[in-house]
Amino acid sequence: PVLHSIYDLWDTMIENVKAIIFEHEDKDHITRQPDFFDTIHEILEARWTKSNTPLHCIAHSLVPKYYHESWLQGGSNGIRRLTPHEDEEMSTNRSKCFERLFQKNTTHLRNVYVEYGAFSSGFGYFN
């Protein structure tokens, strides 16, 4: 029931670590990245890549919370986020999962993409 949270927690942790390092080294988040953060980021990304699966991405993509403006604005930490359908890594992994689940029935696969499109854009009964 909390598989979707894993993706969010990793992403949030990486952004929080970045903010702490930049604050400690007195660097601007946009214009200058300290070498120390690059090293830490590489380690965190490598660890995340080992445990990240398309199933994490699809679980994250199907939770309405991740499309709501309060979550997208970052809440208390102010980190601006993307909706799951705007995130390239998320979209690639979600597509892998859909294609694996519906590989024998292209009609169902097309319908899944249409329904997901309606869900992610808040169209129809997903409004």
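The sections below set out a description of the structure shown in this document. Keep in mind that this is a model prediction, so the values were computed, not measured.

This part takes up the overall build of the chain. Regarding its fold elements, the chain presents six helices and zero strands. Ordering the α and β elements of the chain from the N terminus gives α-α-α-α-α-α. Put simply, the chain has 127 residues, and 34% of those count as buried. For the chain, long-range pairs separated by at least 24 residues make up 52% of all intrachain contacts whose partners lie at least 6 apart in sequence. As presented, the chain carries roughly 8700 Å² of accessible surface, and 57% of it is formed by carbon and sulfur atoms.

If you look at the biggest cluster of nonpolar residues, it comprises eight residues: I58, Y67, C97, F98, L109, V112, Y116 and F119. Put simply, the parts of the chain that give this core at least two residues each are α5 (88-101) and α6 (106-121). Looking at this core element by element, the count peaks at four residues for α6. If near-sequence neighbours (up to four positions away) are discounted, F119 is found in contact with S61, L62, V63, P64, Y67 and F126. The next biggest cluster of nonpolar side chains, apart from the first, holds seven residues, and it includes Y7, W10, C57 and M90.

Both the distance between ring centres and the angle between the ring planes are used here to describe each pair of aromatic rings. Applying the stated criterion across every chain yields a total of seven aromatic pairs. Arranged with centres 5.4 Å apart and planes meeting at 85°, the rings of F119 and F126 form a pair that is edge-to-face. When its relative accessible area of 31% is taken as the criterion, F126 is described as partly exposed. One aromatic cluster is present, formed by Y67, F98, Y113, Y116, F119, Y125 and F126 through successive ring pairs.

A cluster of nonpolar residues, L3, I6 and L55, forms a patch on the protein surface that exposes about 220 Å² of accessible area. Positionally, L3 belongs in helix α1 (residues 3-24).

Where α1 contacts helix α2 (residues 35-51), the two axes come as close as 10 Å, and the packing angle between them is 170°. By the angle between their directions, the pair α1 and α2 is classed as roughly antiparallel. Taken together, the residues of α2 that come into contact with α1 (itself represented by I6, Y7, W10, M13, I14, V17, K18, I21 and F22) are F36, F37, I40, H41, L44, E45, R47, W48 and S51. Along the lines of polarity and charge, the residues of the contact of α1 with α2 split into 13 nonpolar, two polar and three charged.

Along its 16 residues, α6 runs 23 Å from first to last C-alpha, staying within 8% of the 22 Å computed at 1.5 Å per residue. Along α6, the residues classified as buried are L109, V112, Y116, A118, F119 and S120. Lining the buried residues of α6 we find α3 (54-61) and α5. Capping the start of α6 is the job of one residue whose side-chain oxygen sits 3.1 Å from the backbone nitrogen of T107: N105. Phi turns positive one or two residues past the end of α6, at G122, with a value near 70°.

One way to put it is that α3 packs onto α5 with a least axis distance of 8 Å and a crossing angle of 105°. The angle between the axes of α3 and α5 places the two elements in the roughly perpendicular class. Residues P54, L55, C57, I58, H60 and S61 of α3 lie in contact with α5, whose contacting residues are M90, N93, R94, K96, C97 and F98. Of the residues contributing to the contact of α3 with α5, the split by class is seven nonpolar, three polar and two charged.

Definitions and cut-offs
Residues numbered from 1 in each chain as written. Predicted model: local features only at pLDDT ≥ 70, side-chain atom pairs only at ≥ 80, totals over all residues. Heavy atoms only, no water. Helix = DSSP H or I, 4+ residues; strand = E, 2+ residues; numbered from the N terminus. Buried < 20%, exposed > 50% of the residue type's maximum accessible area, 1.4 Å probe, protein only. Contact = heavy atoms within 4.5 Å. Areas by Shrake-Rupley, 256 points an atom, 1.4 Å probe, with all protein chains shown as cover. Core = buried A, V, L, I, M, F, W, Y, C linked by side-chain atoms within 4.5 Å. Phe/Tyr/Trp six-rings, centres within 6.5 Å; stacked < 30°, edge-to-face > 60°. Patch = residues over 30% accessible without salt bridge, like charges linked within 9 Å, V, L, I, M, F, W, Y side chains within 5 Å. Salt bridge = Lys/Arg side-chain N within 4 Å of Asp/Glu carboxyl O. Axes fitted to C-alpha atoms, helices over the stretch in contact; angles between N-to-C directions. Parallel < 35°, antiparallel > 145°, perpendicular 65-115°, else oblique. Nonpolar A, V, L, I, M, F, W, Y, C, P; charged D, E, K, R; others polar. Expected span 1.5 Å × (residues − 1). Polar contact = N/O pair within 3.5 Å; in protein donor to acceptor, adjacent residues only side chain to side chain.

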